[in-house]
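# Understanding the architecture of this molecule
Each chain is listed here by its residues.
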Amino acid sequence: MVELKPVILDGHTFMTVSVELPKTNLLVVSNDKGYIMCGALDVALLNEKLKDRHVIAGRAVGVKTIQQLIDAPLESVTFAAEELGIKNGMIGREALLRMV
């Protein structure tokens, strides 16, 4: 099942995407500038092979719901996210708000 829902954080609207896959879930919270995602996100790929795209993204591991993703510390972030002040260990909500 795929579920798309908006979520509002401090007055800013983000889109959430949940995809139920066998034995796991794919979770994303995004806006037009960037996104945070569950452990399926390959930050190294974005930083190395797709560096020229300047993707603003962060990854949280061990999350099973959108709310957990929003509340979790980011395990890794892209170089472009770091340029916005988003850092490893930052809570997902705080990172998202730096993307507005």
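One numbering rule holds for all chains: residues counted from 1, following each sequence as written. In keeping with the model being predicted, local features are shown solely for residues with a pLDDT of at least 70 and side-chain atom pairs are shown and tallied solely at 80 or more, while totals for entire chains, interfaces and linings include all residues. Excluding hydrogens and water, the side-chain values take into account all heavy atoms of the structure.

### Considerations on the overall build of the protein chain
In terms of regular secondary structure, the protein chain is built from four helices and six strands. In this description the radius of gyration comes from C-alpha coordinates, and the expected globular size is given by 2.2 Å times residues to the power 0.38. Its C-alpha atoms give the protein chain a radius of gyration of 12 Å, near enough to 13 Å, the size a compact globule of 100 residues would have. Principal axes of the C-alpha set define a box for the protein chain whose edges measure 35 × 30 × 20 Å. Within the protein chain, the fraction of its 100 residues that count as buried is 42%. Put simply, DSSP H or I for four residues or longer makes a helix, DSSP E for two residues or longer makes a strand, and each gets a number counted from the N terminus. Here the term buried applies to any residue with accessible area under 20% of the maximum for its type, exposed to any over 50%, and partly exposed to those in between, with areas from a 1.4 Å probe on protein chains only.

### Focus on the sheet that holds strand 2 (residues 12–21)
Strand order in this open sheet of six strands is 1-2-3-4-5-6, and the pairing throughout is mixed. Every other strand in the sheet has two partners, leaving strand 1 (2–9) and strand 6 (76–77) as the edge strands with one partner each. Think of it this way: DSSP has to see at least two bridges between two strands before they count as a pair. Across three bridges, strand 3 (residues 24–30) lies against strand 4 (residues 35–37) in antiparallel orientation. Considered in strand 4, the bridge of valine 28 is made with methionine 37.

### A few points about unusual backbone geometry
With the exception of glycine, the majority of residues adopt a negative phi angle, and the majority of peptide bonds are in the trans configuration. In this structure, aspartate 10 is a non-glycine residue whose phi angle is positive, near 50°. Taking relative accessible area as the criterion, aspartate 10 reaches 60% and is therefore assigned exposed. The backbone of lysine 23 sits at a positive phi, close to 65°, despite the residue not being glycine. For lysine 23, the location among the structural elements is in the loop between strand 2 and strand 3.

### With respect to the pairing of strand 2
The pairing of strand 1 with strand 2 spans eight bridges and is classified as antiparallel. Looking at the pairing, lysine 5 lines up with threonine 16 of strand 2. Linking strand 1 to strand 2, which pair antiparallel, is a turn of two residues; within it aspartate 10 sits at a positive phi near 50°. With seven bridges connecting them, strand 2 and strand 3 associate as antiparallel partners. Bridge pairing in strand 3 links valine 19 to leucine 26. What sits between strand 2 and strand 3 in their antiparallel hairpin is a turn of two residues, with lysine 23 showing a positive phi close to 65°.

### A closer look at the environment of glycine 34
When you line up the elements, glycine 34 lands in the loop between strand 3 and strand 4. Aside from chain neighbours lying at most four places away, what touches glycine 34 is Val29, Ile56 and Met99. Any pair of residues with heavy atoms lying within 4.5 Å of one another is described as a contacting pair.

### Some points on the nonpolar core
Nonpolar side chains tend to gather and get buried jointly when the protein is soluble and globular. Core analysis: the biggest nonpolar cluster contains 30 residues, and Val29, Ile36, Ile86 and Leu96 have the highest contact counts within it. Residue assignment for this core shows that the elements contributing at least two residues are strand 1, strand 3, strand 4, helix 1 (43–48), helix 2 (66–71), helix 3 (79–83) and helix 4 (92–97). Nonpolar core, defined: a set of buried Ala, Val, Leu, Ile, Met, Phe, Trp, Tyr and Cys residues in which side-chain atoms within 4.5 Å join the residues together.

### Regarding the environment of alanine 72
Take alanine 72: it is sitting in the loop between helix 2 and strand 6. The spacing of alanine 72 and glycine 62 is 10 residues in sequence and 8.8 Å in space, taken between C-alpha atoms. Once residues lying within four places of it in the same chain are set aside, the contact partners of alanine 72 are Ala60, Val63, Met90, Ile91 and Gly92.

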